[in-house]
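What the coordinates show
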Amino acid sequence: MDKLPLVLVSHALPEGWLASLEGRCRTMVGPANATALAAELAAHLPEAEGLFSLLTIPVDAALLAAAPRLRVVSNMAVGYDNVDVAACTRRGIPVGNTPGVLTDATADLAFALLLAAARRLPEASADARAGRWTTWEPAGWLGADLTDATLGIVGMGKIGYAVARRGHAFGLRIVYTDPGTHDAAEREFGATRVPFDALLSTSDFVSLHCPLTAATRGLIDEAALRRMKPSAILVNTARGPVVDQEALYHALSEGWIAAAALDVTTPEPLPAGHPLYDLPNCLIAPHIGSATHGTRRRMAELACANLLAGLSGERLPHCVNPAVYG
Ligand code: DGY
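Predicted model, so just to flag it, every value in this text is computed and none were measured.

1. Here we look at the side chain of Asn281
With respect to the helices and strands, the residue Asn281 is situated in the loop between β11 (259–262) and β12 (282–284). Polar contacts involving the side chain of Asn281 include one to the main-chain carbonyl oxygen of Leu252, which spans 3.0 Å.

2. Re the packing of aromatic side chains
Aromatic ring pairs are described here by two measures, namely the spacing of the ring centres and the angle between the planes. For the structure shown, the criterion picks out two aromatic pairs. A centroid spacing of 4.8 Å and a plane angle of 45° characterise the contact between Phe111 and Phe170, whose relative ring orientation is tilted. Remark: Phe170 occurs in the loop between α6 (158–169) and β7 (173–177) and Phe111 occurs in helix α4 (residues 103–118); sequence separation between them is 59 residues. Centre to centre, the rings of Tyr161 and Phe189 are 5.3 Å apart; their planes meet at 35°, and the pair counts as tilted. Of the two residues, Tyr161 sits in helix α6 while Phe189 sits in helix α7 (residues 183–189), which places them 28 residues apart along the sequence. Both residues of the pair, Tyr161 and Phe189, belong to the buried class.

3. Comments concerning the nonpolar core
Met156, Ile174 and Phe205 are the most contacted members of the largest nonpolar core, which has 53 residues in total. Of the residues forming this core, the biggest block, nine residues, is contributed by α4. Counting contributing residues, this core receives three or more from each of domain 1 (6–101 + 293–325) and domain 2 (103–284). Among all residues touching Met156, those that are not within four sequence positions of it are Tyr161, Ala164, Ile174, Tyr176, Thr177, Asp178, His182, Ala185 and Ala191. By size, the runner-up hydrophobic cluster in this structure holds 30 residues, among which are Val175, Leu225, Ala247 and Ala260.

4. Quick look at the pattern of salt bridges
Per the stated rule, a full pass over the model turns up twelve salt bridges. A salt bridge links Asp104 to Arg166, with the shortest nitrogen-to-oxygen separation between them at 3.1 Å. Note that Asp104 is positioned in helix α4 and Arg166 in helix α6, a separation of 62 residues in sequence.

5. Concerning the domain arrangement of the chain
Split into domains, the chain comes out as domain 1 (6–101 + 293–325) and domain 2 (103–284). On a C-alpha basis, the centres of domain 1 and domain 2 stand 32 Å from each other. With six residues of domain 1 at the contact, the number on the domain 2 side is five residues. For the pair domain 1 and domain 2, the two sides together bury roughly 510 Å², of which 51% comes from carbon and sulfur. Of all residues in domain 1, the largest losses of buried area upon contact with domain 2 belong to Leu55, Asp81 and Gly100, amounting jointly to 65% of the total for that side. In this structure, the connection of domain 1 to domain 2 is made through one salt bridge. Linking domain 1 with domain 2 are two residue pairs in polar contact (both at pLDDT 80 or more), by the criterion used here. Grouping the constituent residues of the side of domain 1 that touches domain 2 by class yields two nonpolar, three polar and one charged.

Calculation rules
- Residues numbered from 1 in each chain as written.
- Predicted model: local features only at pLDDT ≥ 70, side-chain atom pairs only at ≥ 80, totals over all residues.
- Heavy atoms only, no water.
- Helix = DSSP H or I, 4+ residues; strand = E, 2+ residues; numbered from the N terminus.
- Polar contact = N/O pair within 3.5 Å; in protein donor to acceptor, adjacent residues only side chain to side chain.
- Phe/Tyr/Trp six-rings, centres within 6.5 Å; stacked < 30°, edge-to-face > 60°.
- Buried < 20%, exposed > 50% of the residue type's maximum accessible area, 1.4 Å probe, protein only.
- Core = buried A, V, L, I, M, F, W, Y, C linked by side-chain atoms within 4.5 Å.
- Domains from an automatic or database assignment.
- Contact = heavy atoms within 4.5 Å.
- Salt bridge = Lys/Arg side-chain N within 4 Å of Asp/Glu carboxyl O.
- Buried area = accessible area lost by both parts, 1.4 Å probe.
- Nonpolar A, V, L, I, M, F, W, Y, C, P; charged D, E, K, R; others polar.

Spelled out as C-alpha cells, the structure:
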C-alpha cells in the first residue's frame, strides 16, 4: 500500500466524490473549510506526487519548490488563475481543470443574478419581510424589462454561449466581445460581435464570462463603467478582479449604472462590513456559480480523472498546459 503515490487533497469533500481514487493512490485530505493548504498537508509536500486543489489554494512557486516529486496538479474548477501554470509547465507538471460540467449551472446562476437584479428581488424581499409592503404600489419596486433589451456577453466561451442561449430565449438581443467570431452564437441567436466600447455603451445587461488574465484584470474600470448606460446592470460570475471594485462602488452609489450582481468579488470572501454590502443596488452571492449537487460532484469526478491520468503518466482529459506534452 505504501508504494502507492501520495496525493494531497486540499479540502475534505462529500462522501463518494473521490471514490475513483480508492486503491489508486494514498490521500491526505485537508479540512473542508481550509483557506490555504493545511499545515499538516504542506508538511508532506516533499513526498507528494499529486495535488488536488480548489481555487482558493495558491499553487505558486513556493508550493512547487516544496514539492520536488509532484507530477500532476488537478484543480477542481474551470478557472485556474490560482495556479502558476507557467511554473508548472517549466517543471513539466500537467495542470488539469474541469470545463464543461459546470457550464449550465454557472449560466443558470448568471441568469438568476441578472433577473434578480433586473427585478430588484433582494430589495423587494427585504422590504416585504421588514413590513414595508403596505399596499400594491403602482410605481413600487419597478425594475428593468428584458424583452427587446440588449445583453452584452464579455467572452463567448462555453459559459458565455450558455448565457446567450438563455438571454435569447428571454427575448434579449445579444452582442458580444471575444477574440474570435462565434459562428454558432451568431447563427442560433443572431448574436453580433462588437468592439468592447460599443458593447458597453449599447447593452442593458453586461455579463462577464472571460478568464482572469493580465489582459482582463481591471477590464471593468472607471472608464468602462462610465461608458455603460445609467440604466445598465452588470453581472459578474467570472472572477472578482476583472472588475475594479472601488470604481464599481462609485458607479453604483453615484448612478453611473443601475445595479450590479456579483457572484465573485475581491477578496473572497468579501469581508463583513464591506461598503458594497450597504448598497441596495448591489447583489452579492458567495461564489456559488457551480454550486449544485450534480455539478460539484461531476467537477470532483473530472478532477479525479485528471489526477489519475497524471499519476499514470497519461495525458490529462482536460489539461490547461498541453505544452508539457511537447
Ligand atoms: C470555476 O470552476 O472556476 C468556478 O469559479 C467555480 O466553480
